[in-house]
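Chain by chain, the residues run as shown.
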Amino acid sequence: MSTFEIKRRVSDKIFVGNVAVGGDAPITVQSMTNTNTCDVLATLAQIQALESAGADIIRVSVPTMDAAKAFKELKQHTTVPLIADIHFDYRIALKVAEYGADCLRINPGNIGNEKRIRSVVDCARDRNIPIRIGVNAGSLERDLQEKYGEPTPEALLESALRHIGILEKYDFANFKISVKASDVALAVSAYRLLAERISQPLHLGITEAGGFRAGAVKSAIGIGLLLSEGIGDTLRVSLAADPVQEIKVGFDILKSLRLRSRGINFIACPTCSRQEFDVISTVNQLEQRLEDIVTPLDVSIIGCVVNGPGEALVSTIGVAGSKTKSAFYLHGIRQQKRFNNESIIDELEAEIRNVVSTTLKQ
Ligand code: SF4
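Quick caveat: nothing in here was measured; it's all calculated off a predicted structure. (Residues numbered from 1 in each chain as written. Predicted model: local features only at pLDDT ≥ 70, side-chain atom pairs only at ≥ 80, totals over all residues. Heavy atoms only, no water.)

Colleague: Help me out: how do you make sense of the domain arrangement of the protein chain in this one?
Modeller: How big an interface is tends to be stated in terms of the accessible area lost upon association of its parts. Under the domain assignment used here, the protein chain contains domain 1 (14-256) and domain 2 (264-361). Averaged C-alpha coordinates put domain 1 and domain 2 at centres separated by 38 Å. (Domains from an automatic or database assignment.)

Next comes the structure, spelled out in structure tokens:
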């Protein structure tokens, strides 16, 4: 276990439904449905899939009044907090607030005249609903584009401070905010600037990051850099892929930095001709078989004795490959029992489940 600890930026704590964001709360992982919100059954199925994968908070698009009605039904059948994503129409914001939205994703600068802004802010205050401001390099205000020539960290910061200024004018501080860009360096710089200026929680993300592999890499670099500096209270990995993957990658990023654990953290060697059993297939199959486990556990699966014993010493369960039968370590101690290489996947699964059930009984 690493003793290196990241010191998190001190932010205000807000609540999205019953889930705390910011302050000393665990960093939350969220995603967004991509079904037609009016198709309640399909959207509910996706919400359940995201929740099973560990989503703490789920965002749903509400572009029309019909979608707002569907949102009401979704709220009646879900327990995970739902954020209503509204872009311009303040009447939709008021309606979903009435229907129990746990957070409103709407930019104050896009709501319109003072009267409309005031009605949304008053409604959010009365119902204790936070607002999420989302600044995006792709939809920066025209005057800021002209002023800065292109999206820059300073332009994103200025846009963010504008939206925040509107909420401050109405003495409303119950918000979280993102300053996303598809360019990793731009997003990271913008978040760093914003983190120095405000105390509210920051929602991290590299927007429009791309397909599964490239998007996961960009997100891990961008979000990971910020998290490693202590910046960030909630995150969404944006992938052109199944939203469930966004949750899995989000937890993998948090696990990598030991900021939050969920399920098994596999430590596995890249393999080489020294491997004594098929490490790649073992890891792939166990990842699939053990997806239901949420208890944090380090499992090292190493193909030979070069690095196997060393990794096993710092893992809950470890394997060091050996001819025919591989060495088995539990809590860093080598066991008499050895795994038969031919049935190593089944045997490892049984041992891991055994440890998990013992942990849960304690
Ligand atoms: Fe190869 Fe052994 Fe290193 Fe794995 S631990 S990559 S099998 S030398």
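Colleague: Please clarify how the environment of asparagine 36 should be interpreted in this entry.
Modeller: Here asparagine 36 lies in the loop between strand 3 (28-32) and helix 1 (40-53). By relative accessible area, asparagine 36 is classed as exposed at 52%. Considering only alpha carbons, one finds asparagine 36 and aspartate 102, 66 residues apart in sequence, at a separation of 20 Å. (Helix = DSSP H or I, 4+ residues; strand = E, 2+ residues; numbered from the N terminus. Buried < 20%, exposed > 50% of the residue type's maximum accessible area, 1.4 Å probe, protein only.)

Colleague: What am I meant to see in the packing of aromatic side chains here?
Modeller: Evaluated as defined, the whole model comprises one aromatic pair. Aromatic pair phenylalanine 328 and phenylalanine 339: ring centres 4.7 Å apart, planes at 40°, arrangement tilted. Of the two residues, phenylalanine 328 is situated in strand 14 (residues 325-330) and phenylalanine 339 in strand 15 (residues 333-340); the sequence distance between them amounts to eleven residues. One exposure class covers both phenylalanine 328 and phenylalanine 339, and it is buried. Across from the ring centre of phenylalanine 251, 5.5 Å away, lies the NZ or CZ of arginine 262, which sits over that ring. (Phe/Tyr/Trp six-rings, centres within 6.5 Å; stacked < 30°, edge-to-face > 60°. Lys NZ or Arg CZ within 6 Å of the ring centre and 35° of its normal.)

Colleague: Mind showing me how you'd approach unusual backbone geometry here?
Modeller: Across the chain, the bulk of peptide bonds are trans and the bulk of non-glycine residues have phi less than zero. Unusually for a residue other than glycine, asparagine 128 sits at a positive phi of about 55°. The residue asparagine 128 is located in the loop between helix 4 (114-126) and strand 7 (131-136) in this model. One non-glycine residue, arginine 258, adopts positive backbone phi at about 55°. Take arginine 258: it is sitting in the loop between helix 9 (243-256) and strand 11 (264-268). A relative accessible area of 34% places arginine 258 in the partly exposed class.

Colleague: Help me understand the sheet that holds strand 9 (residues 203-204) in this model?
Modeller: To summarise the sheet geometry, strands pair through backbone hydrogen bonds and adopt either a parallel or an antiparallel arrangement. The strand order across the open sheet formed by eight strands is 8-7-6-5-4-3-10-9, and the pairing between neighbours is parallel. Every interior strand has two partners, whereas the edge strands, strand 8 (175-180) and strand 9, have only one. In this sheet, strand 5 (residues 82-85) lies alongside strand 4 (residues 57-61) in parallel orientation, the contact comprising four bridges. Its bridge partner lying in strand 5, valine 60 is registered against alanine 84. (Pairing = 2+ DSSP bridges.)

Colleague: How do you make sense of the nonpolar core when you look at a structure like this?
Modeller: Where a protein is soluble and globular, its nonpolar side chains tend to be buried together. Core analysis: the biggest nonpolar cluster contains 80 residues, and Val96 and Leu104 have the highest contact counts within it. Of all the elements, helix 7 (residues 184-197) adds the most residues to this core, at eight residues. When residues no more than four places from it in sequence are discounted, the contact partners of valine 96 are Val62, Ala68, Phe71, Ala84, Ile86, Ala101 and Leu104. Judged by nonpolar contacts, the second largest core, of 21 residues, contains Phe266, Phe277, Leu286 and Ile344. (Core = buried A, V, L, I, M, F, W, Y, C linked by side-chain atoms within 4.5 Å. Contact = heavy atoms within 4.5 Å.)

Colleague: Looking at this structure, I do not really get the pairing of strand 4. What am I missing?
Modeller: Note on strand geometry: in a regular strand, side chains alternate between the two faces of the sheet. Most of strand 4 is tucked away, with four of its five residues classed as buried. Of the pairings in the sheet, the one linking strand 3 to strand 4 comprises three bridges and is parallel in character. Looking at the pairing, serine 31 lines up with isoleucine 58 of strand 4. Crossover handedness for the path strand 3 to helix 1 to strand 4: right-handed. Taking the sense of rotation as the criterion, the β-α-β connection linking strand 4, helix 2 (residues 65-76) and strand 5 turns out right-handed. (Right-handed = clockwise from strand over helix to strand, strands pointing away.)

Colleague: It is not clear to me how the environment of arginine 289 should be interpreted in this structure. Could you clarify?
Modeller: The residue arginine 289 is located in helix 10 (residues 279-289) in this model. Considered as a pair, arginine 289 and glutamate 349 are 60 residues apart in the sequence and their alpha carbons are 7.9 Å apart. Arginine 289 has contacts with Ile345, Asp346, Glu349 and Arg353, leaving out every residue within four places of it along the chain. Within the local environment of arginine 289, its side chain forms a polar contact with the side chain of aspartate 346, the two groups lying 2.8 Å apart. Of note is the side chain of arginine 289, whose polar atom sits 2.7 Å from the side chain of glutamate 349. (Polar contact = N/O pair within 3.5 Å; in protein donor to acceptor, adjacent residues only side chain to side chain.)

Colleague: I would appreciate a short explanation of the sheet that holds strand 12 (residues 297-302) in the present structure.
Modeller: With mixed pairing, five strands are arranged side by side in an open sheet as 11-12-13-14-15. A strand with exactly one partner marks an edge of an open sheet, and here the two such strands are strand 11 and strand 15. With direction set aside, neighbouring strand axes in the sheet form an average angle of 20°. Here five bridges tie strand 14 to strand 15, and the two strands are oriented antiparallel to one another. Directly across from leucine 330, in strand 15, lies its bridge partner isoleucine 333. Its contacts with the sheet place helix 12 (residues 344-361) against strand 11, strand 12, strand 13 (317-320), strand 14 and strand 15, and it is angled at close to 140° to strand 15. (Axes fitted to C-alpha atoms, helices over the stretch in contact; angles between N-to-C directions.)

Colleague: What is the right way to read the side chain of asparagine 136 from this model?
Modeller: You can see asparagine 136 is positioned in strand 7. Sequence-distant contacts of asparagine 136, that is, excluding residues within four places in its chain, are made with Leu156, Lys180, Thr207 and Glu208.

Colleague: Hey, could you run me through a nonpolar patch on the surface in this one?
Modeller: A surface patch of nonpolar side chains, about 240 Å² in accessible area, is lined by Val217, Ile221 and Leu225. Along the chain, isoleucine 221 turns up in helix 8 (residues 212-228). You can call isoleucine 221 partly exposed: its relative accessible area is 46%. (Patch = residues over 30% accessible without salt bridge, like charges linked within 9 Å, V, L, I, M, F, W, Y side chains within 5 Å. Areas by Shrake-Rupley, 256 points an atom, 1.4 Å probe, with all protein chains shown as cover. Salt bridge = Lys/Arg side-chain N within 4 Å of Asp/Glu carboxyl O.)

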